[in-house]
Amino acid sequence: MVVDCTGGLAARPANLPWRFLLQRSPGGVIFLAVLLVTSAGALAPLPLAAETALSVRLTASAGAIYDENPPAGVATSKGWNFAPGGLAELVVTSRGNSQVRGEVRLGVIPIGPTATVDLSRAWFKFRVPEPGLVVTAGKTRLGWGEGLVFNVADLVHGSTGTGINLVAEELRADATWLIAATLSLGQFAFLETVVKIDIPPSVIYPTVAPPTIDDLGAGARIRLPLGPVSAEAAYLWGNLKHSTSLTAQFALGINWFVSGRLDIPSPWATNQNVTGSVSAGLYDIFPLGQSDTSLSVRFESLVVPDQDPLLYSFGDLTLGWGGAHSLGLRSLVSPLGPSANWSVSYSWAGLQGLSLIFGVGGYAGASDTTFGWGRAPSVVGTPSPDFAFTTTARFVY
Amino acid sequence: MKYSNFVIFCLIFVAVSFFAAPLFCQRAGTTGAGSGTVPTAEEIIRRMQANEVHDTSYAEGRMLITDRFGTRTSTYKSWSGGTEDSLIEFTSAEEMGQKVLRTADAIYLYYPDASEVLRIQGSALRDSLLGSDISYEDMTGGRSLLDEYSVRLLGTEAIDGHQTYKVELTARNSRVAYPKQIIWVDTELYVTRRAHRFSLSDRLLKEMDILEVTTQNGKTYPTRIRLRDAMRSNTQTVMEISRLDIGVRLPANIFSLEELSW
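Fair warning: this is a prediction, and the values are worked out from it, not measured in the lab. (Residues numbered from 1 in each chain as written. Chains lettered and ligands numbered in written order. Predicted model: local features only at pLDDT ≥ 70, side-chain atom pairs only at ≥ 80, totals over all residues. Heavy atoms only, no water.)

Engineer: Just to check I follow, could you spell out the overall build of chain B for this structure?
Structural biologist: Looking only at helices and strands, one finds 6 helices and 13 strands in chain B. A buried classification covers 58% of the 262 residues belonging to chain B. For chain B, the proportion of contacts with a sequence separation of at least 24, taken over those separated by at least 6, is 50%. When the accessible area of chain B is evaluated, it comes to approximately 9,900 Å², of which 46% is carbon and sulfur surface. (Helix = DSSP H or I, 4+ residues; strand = E, 2+ residues; numbered from the N terminus. Buried < 20%, exposed > 50% of the residue type's maximum accessible area, 1.4 Å probe, protein only. Contact = heavy atoms within 4.5 Å. Areas by Shrake-Rupley, 256 points an atom, 1.4 Å probe, with all protein chains shown as cover.)

Okay, structure coming up:
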């Protein structure tokens, strides 16, 4: 995952001209396909159009970033840099029918005088009321496990990375190409099977080779209420290993969750080590006073005994007031390092569809630690600024 | 930040909807000032509350939040069943697909971009509902306003041309959000026309006015509700109901994880 303190827009890869996209990247073909689909939707008869919702999300950001150890081959240099960015997303959803739905989300990211495209969502699903079966296909997310940052039970998307952008709108939004069938077993119980294929995002790896059998994964999960506990058991085969997980979510004063995971390599795997990991956390929302003020609290930890360091923690305190203001403090900490990635951000959403976000964040610790000042980038060739001040404007309509 | 904004927005919505909850789906009264018999305060509250809950309902509407910067609008659909279950789906572009499911013992927030379901139990969110007049426990625990408040009829008053009973409610315990309330109940329709909520020091905190009601199939319900925070100037929230179907047959399993993440 790209480490980026600039609102997620400054650390993009090298320029990709439109012609290159159209000639060599599947993104160009996808863009044309989506353009045709959306154009067809615009020309559709009124009853069909009534079931289709079209929205646009425009994001512009600018920031000053300080990079102590910039990677080779990128535009940033050691010291202060200016980091502008932008994103235009077109979201077309079909929500009017109670039996079938779909969504296409296409993002256009300006890079210098050119732009590149990112198909972040492209899915449809349908359901059969009896016996309560939902089939989902396409590029989308499944919400396996619990946890905003550390979620070892997310066997599908693997959301346990420490390379997150703390001021990003979404901490976990990566989607995967998959086919899933979800069978309802009751009000809060279901069985879900999935077959997925991991395709690296073309925006980062534009010349990636076609996926192979090793990129396939298949598994299932079952979620059941066990008294006051919401429990989930999951299994997935993929990347030449068997992964299993157990998750429990419950309330004990406040809301808690804990997940455990075991990865057992297949006989063909190079690495034959069995590994385990645990993530756990708490969260709650506390209304303050008798007006629309609230404090959202979340703490999470990740323990991976076979890694160094073996312990990570994440904290999020967000104060919201007036229906339009929020002040957030987030931190990703390696206590045994010790080092930290931190951010403070203020968001104002006082006008219809418009959000303004001001953030400051950075890294602290020795350069040889996980989140240390001047550490090497976690993703080769990707800028990883040590300090950033960013302003972001977003408009949704 | 988007996640937190959604939570804040949901809090506002839940607070407003709960504030207005006793007003939804009320049936026309059969007696009142016109009958020549003035009911007791207990009868007025009992008759009003007897109209609060319907087996099922489906609604569409919008919420308008106005402050010094202007007005922001969010649209939604909602389904409710009995006293315990409801599902709200936001349909405006900014919150498209976000949902809130309320059940007897938990609130579930669904955020579609992350495909995340947040289950919240035993929280202050559930208990106080940001100070709205009817707490979640009130709605789900089967307790009556008469269990929580002692009531007194203060007389009759005309509110926007409608004759009303003015009833004072004084809390019997500290569990309720407001130690004191005054509500104005329509003498003919048994619809609340106005409500004021006070602090322990008798300071006015919230004002609610019913701007419009609609009678349909012998049942009367509000279609525009305005909520003002007396502690803040130049702000108000208006809930508009554009469609309300009472007693509809709801899809099976609608108050479930399946529907929440649909």
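After that view of the structure, there is still more to cover.
Engineer: How should the overall build of chain A be read in this particular structure?
Structural biologist: Secondary structure assignment for chain A yields 3 helices and 19 strands. By residue count, 47% of the 397 residues in chain A fall in the buried class. Partitioning the contacts of chain A with sequence separation of at least 6, the portion at a separation of at least 24 is 49%. Accessible area of chain A: about 17,500 Å², with a carbon and sulfur share of 68%.

Engineer: Is there a simple way to explain the interface of chain A and chain B in this structure?
Structural biologist: Accessible area lost on assembly of the parts is the figure often given for the size of an interface. Listed as interface residues are 72 residues of chain A and, on the opposing side, 55 residues of chain B. Both faces combined, the contact of chain A with chain B buries some 5,100 Å², and carbon together with sulfur accounts for 51% of it. Here chain A and chain B share 7 salt bridges between them. Across the contact surface, chain A and chain B share 19 residue pairs in polar contact (both at pLDDT 80 or more). Grouping the amino acids of the side of chain A that touches chain B by side-chain chemistry returns 25 nonpolar, 30 polar and 17 charged. (Buried area = accessible area lost by both parts, 1.4 Å probe. Salt bridge = Lys/Arg side-chain N within 4 Å of Asp/Glu carboxyl O. Polar contact = N/O pair within 3.5 Å; in protein donor to acceptor, adjacent residues only side chain to side chain. Nonpolar A, V, L, I, M, F, W, Y, C, P; charged D, E, K, R; others polar.)

Engineer: Before we go on, may I ask you to explain the nonpolar core in this structure?
Structural biologist: The nonpolar side chains of soluble globular proteins are, as a tendency, buried together. Judged by nonpolar contacts, the single largest core of 40 residues is most densely connected at I45, L109, V151, V167, L169 and I183 of chain B. Looking at this core, the element that brings in the most residues is helix 2 (residues 41–50) of chain B, giving 4 residues. (Core = buried A, V, L, I, M, F, W, Y, C linked by side-chain atoms within 4.5 Å.)

Engineer: I tried to follow the pattern of salt bridges on my own but got confused; where do I start?
Structural biologist: One side chain can pair with another of opposite charge once the charged atoms of both are near each other. Residues and elements named next belong to chain A. Scanning the model with the defined rule gives 33 salt bridges over all chains in all. The closest approach of N and O atoms between E68 and K78, which form a salt bridge, is 3.7 Å. Note that E68 is positioned in the loop between strand 1 (52–67) and strand 2 (79–82) and K78 in the loop between strand 1 and strand 2, a separation of 10 residues in sequence. Assessed through its relative accessible area of 58%, K78 is described here as exposed. The partner of E103 in a salt bridge is R105, with the nearest N and O atoms 2.6 Å apart.

Engineer: Which parts of the structure should I look at to understand the pairing of strand 12 (residues 254–265) of chain A?
Structural biologist: Looking along a regular strand, one sees the side chains alternate between the two faces of the sheet. Residues and elements named next belong to chain A. Bridging between strand 11 (residues 241–252) and strand 12 involves 12 bridges; their strand directions are antiparallel. Residue A251 lies in a different strand from strand 12, and its bridge partner there is N255. If you look at the hairpin formed by strand 11 and strand 12, you'll find 1 residue sitting between the two strands, and G253 has a positive phi there, around 85°. Pairing of strand 12 with strand 13 (residues 275–288) involves 9 bridges; the strand directions are antiparallel. For S259, the partnering residue across the bridge sits in strand 13 and is S279. (Pairing = 2+ DSSP bridges.)

Engineer: What is the right way to look at the side chain of R223 of chain A in this model?
Structural biologist: Residue and element names in this part refer to chain A. Structurally, the position occupied by R223 is in strand 9 (residues 216–226). The buried category is assigned to R223, whose relative accessible area is 7%. A distance of 3.2 Å separates a polar atom in the side chain of R223 from a polar atom in the side chain of S230.

Engineer: Looking at this structure, I do not really get the packing of aromatic side chains. What am I missing?
Structural biologist: Aromatic ring pairs are described here by two measures, namely the spacing of the ring centres and the angle between the planes. On inspection of all chains with the given rule, the structure shows 12 aromatic pairs over all chains. Ring geometry for W80 of chain A against F387 of chain A: centres 6.1 Å apart, planes inclined by 85°, an arrangement best described as edge-to-face. Of the two residues, W80 of chain A sits in strand 2 while F387 of chain A sits in strand 19 (residues 387–396), which places them 307 residues apart along the sequence. Given a relative accessible area of 53%, W80 of chain A falls into the exposed group. Between W348 of chain A and F69 of chain B, the aromatic rings sit 4.9 Å apart at their centres with planes inclined by 75°, giving edge-to-face as the arrangement. Of the two residues, W348 of chain A is situated in strand 17 (residues 339–351) and F69 of chain B in the loop between strand 1 (56–67) and strand 2 (70–81); the pairing between them involves two chains. Owing to a relative accessible area of 12%, W348 of chain A belongs among the buried residues under this scheme. The class of F69 of chain B is partly exposed, set by a relative accessible area of 38%. Chaining the aromatic ring pairs together yields one cluster made of Y66, W80, W342, W373 and F387 of chain A. Positioned over the ring face of F198 of chain B is K180 of chain B, at 5.0 Å from the centre of the ring. (Phe/Tyr/Trp six-rings, centres within 6.5 Å; stacked < 30°, edge-to-face > 60°. Lys NZ or Arg CZ within 6 Å of the ring centre and 35° of its normal.)

Engineer: What should I look at first to understand the environment of A366 of chain A in this one?
Structural biologist: Residue and element names in this part refer to chain A. With respect to the helices, strands and loops of the structure, A366 is situated in the loop between strand 18 (354–365) and strand 19. According to the relative accessible area criterion, A366 is partly exposed, its value standing at 42%. Spatially, the C-alpha atoms of A366 and L87 are 34 Å apart, while their sequence positions differ by 279 residues. In contact with A366, other than residues within four places in its own chain, are G372 and W373.

Engineer: What am I meant to see in the environment of R172 of chain B here?
Structural biologist: Residues and elements named next belong to chain B. Looking at the secondary structure, you find R172 in the loop between strand 8 (162–171) and strand 9 (180–186). Each C-alpha atom, one on R172 and one on E188, is 28 Å from the other, the two residues being 16 residues apart in sequence. Once you skip the residues sitting within four places of it in the chain, R172 turns out to touch L146, D147, E148, Y149 and S150.

Engineer: Just to check I follow, could you spell out the environment of S92 of chain B for this structure?
Structural biologist: Residues and elements named next belong to chain B. Note on placement: S92 falls in the loop between strand 3 (85–90) and strand 4 (99–102). Overall, S92 belongs to the buried group, its relative accessible area being 9%. Measuring from C-alpha to C-alpha, the distance between S92 and Y76 comes to 7.1 Å, with 16 residues separating the pair along the chain. Among the polar contacts listed, one links the side chain of S92 to the side chain of E95, at a separation of 2.4 Å.

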